[in-house]
Amino acid sequence: MALTETAPNEQGYKSFSVGGFTFSRDEYFATITWPTGDHQIRIDEWLRCIQRDVAWGFFYGIVNFDQVIGTMNHYGNVDMFAGRFNDAYRKAEVDYNENFDHDELMACFTAMLSDWTNEGYDPFAAPMETGSAYGPNNGNNDDAITRERVVAERMVGLAGDEQIRSDESGFPVNRAFSDVAQDEPAVEIEPGYEDQVAAFNLFAYLSRSDVTWNPSVVSACKESLYCPTTEEFTLPVIHGNDRVEWFVQLSDEIQWDVEDRDSGAKRARVTMKAGDVAAMPADIRHQGYSAKRSMLLVWENGSNRIPEMIAKGEASVHPVEF
Ligand code: PHB
Ligand code: FE
């Protein structure tokens, strides 16, 4: 099941094959084929999805690129599917699923992302803050697509951990957050506790984020992970949760479409304004829309045991009973 790639086509792009899937691109679209079908996705949307799956190591649970194509993480191995969570594809029996070793599918996605991303297009950026993904092959943007995801071991600001952002470190304040105060808390530490105490201004930190829809871990307390992110335009993927997630809207507004994870049936439309808190169940999929850049805190439990605990009935799909 090795990854194979072809010589560049007329537009200068390679095709990639892994298992039963083949991926090719032209000036406007990615085309995906599998033994029982084929599918197209606009190339800018495809690259935004692939970028996130690569940067997040396939994330929690299911990453739907659209209503048809996506991946399901089993933490070590991963499924790639077509039509698996789409009622019509399942009824017509043209859905397809294949399991891959994590590293094998990751190698395919990483090579595809690099070959298909043109100079000037940043799949992590908001549409108004980047160039076009369309057209014939034109250079690359490897600096942008290989950004390291921020993953604090304890907390941003502690010695030896992720550090706060500044103009000097290459993170200017985003145009939408010019009104966000940039002062930092004064911290006076008792001698002997220097490596255990820190504090930082989370709003200032987020105002300097250069990416959208990319939760980063700013603090970790055992399995409890604070993963704030700045959002603008749409979450490119439709995320199928495999655990409960808490959302705290820190600024502005995001609207969410919430559907049944497996069938796609509509479950809710949620409007979150600054200060709102939502508990997203473990059996849904959701996609968010942010008309203006906003700040969202995603609170995750990172334990790999949770999907199994839910399957065994040891953990609920609802974080809270009212
Ligand atoms: C989510 O699926 O919970 C999610 C993913 C990316 C974000 C925000 C929320 O930026
Ligand atoms: Fe989610």
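Every chain begins its residue count from 1, and numbering advances along the sequence as written. Here chains are named by letter from A upward and ligands by number from 1 upward, in the order in which they appear as written. Under the rules for a predicted model, residues below a pLDDT of 70 receive no local features and side-chain atom pairs below 80 are neither given nor counted, while totals for whole chains, interfaces and linings still include all residues. Only hydrogens and water are set aside when side-chain values are computed; all heavy atoms of the structure are taken into account.

(A) Summary view of the coordination of the iron ion (ligand 2). Within the protein, the atoms that donate to the iron ion (ligand 2) are His 239 (ND1), Asn 241 (OD1), Glu 245 (OE) and His 286 (NE2), at distances of 2.1 to 2.4 Å. Between the 6 donor atoms coordinating the iron ion (ligand 2), the angles at the centre fall across 53 to 155°, so the site counts as irregular. Read N to C, the donor residues that coordinate the iron ion (ligand 2) are spaced as H-x1-N-x3-E-x40-H. Glu 245 shares its class with Asn 241; the two are buried. A 2.8 Å cut-off from the metal defines N, O and S donors, relaxed to 3.2 Å for Na, K and Ca; water is not in the atom list, so some sites may appear incomplete. Angle rules define the geometry names used: all angles between 85 and 135 degrees makes four donors tetrahedral, while opposite donors over 155 degrees apart and all other angles between 65 and 115 make four donors square planar and six octahedral, leaving every other case irregular. Using a 1.4 Å probe on the protein chains alone, a residue whose accessible area is under 20% of its type maximum counts as buried, one over 50% counts as exposed, and one in between counts as partly exposed.

(B) View of the side chain of Thr 229. Position of Thr 229 relative to the elements: it lies in strand 11 (residues 224-234). As used in this structure description, the phrase polar contact means that two N or O atoms lie within 3.5 Å; if the pair is within protein, one of them must be able to donate a hydrogen and the other to accept it, and residues adjacent in sequence are counted only when both atoms belong to side chains. Polar contacts involving the side chain of Thr 229 include one to the side chain of Glu 231, which spans 2.6 Å. With residues near it in sequence (within four places) discarded, Thr 229 still touches Leu 206, Trp 213, Asn 214, Pro 215, Ser 294, Met 295, Leu 296 and Val 298. Every helix listed is a DSSP run of H or I at least four residues long, and every strand listed is a run of E at least two residues long, numbered separately from the N terminus. Contact criterion: two residues are considered in contact whenever any of their non-hydrogen atoms come within 4.5 Å of each other.

(C) Broad picture of a nonpolar patch on the surface. Patch building starts from residues that exceed 30% relative accessible area and form no salt bridge, then joins like charges within 9 Å and nonpolar side chains (Val, Leu, Ile, Met, Phe, Trp, Tyr) within 5 Å. To be clear on the numbers: accessible area is Shrake-Rupley with a 1.4 Å probe, and residue cover counts the displayed protein chains and nothing else. The term salt bridge refers to a pairing of a side-chain nitrogen on Lys or Arg with a carboxyl oxygen on Asp or Glu at a separation within 4 Å. Together, Val 187, Ile 189, Tyr 193 and Val 197 make up an exposed nonpolar region whose accessible area comes to about 300 Å². Relative to the elements of secondary structure, Val 187 occurs in the loop between helix 4 (142-145) and helix 5 (202-207). By relative accessible area, which is 35% here, Val 187 ends up partly exposed.

(D) Quick look at the state of the cysteines. Throughout, a disulfide means two cysteine sulfur atoms within 2.5 Å of one another. Taken as a whole, this structure holds 0 disulfides when the rule is applied. Cys 49 supplies the cysteine sulfur nearest to Cys 108, a cysteine that is in no disulfide, at a spacing of 15 Å. Take Cys 221: it sits in no disulfide, and the sulfur closest to it among the cysteines is that of Cys 227, at 13 Å.

(E) Structural detail: the side chain of Glu 232. Among the secondary structure elements, Glu 232 is positioned in strand 11. We classify Glu 232 as buried; its relative accessible area is 7%. Here the side chain of Glu 232 touches Arg 175 through a polar contact of 2.9 Å, side chain to side chain. The contact partners of Glu 232, leaving out residues within four places of it in the chain, are Ala 126, Met 128, Glu 129, Arg 175, Thr 212, Trp 213, Ser 290 and Arg 293.

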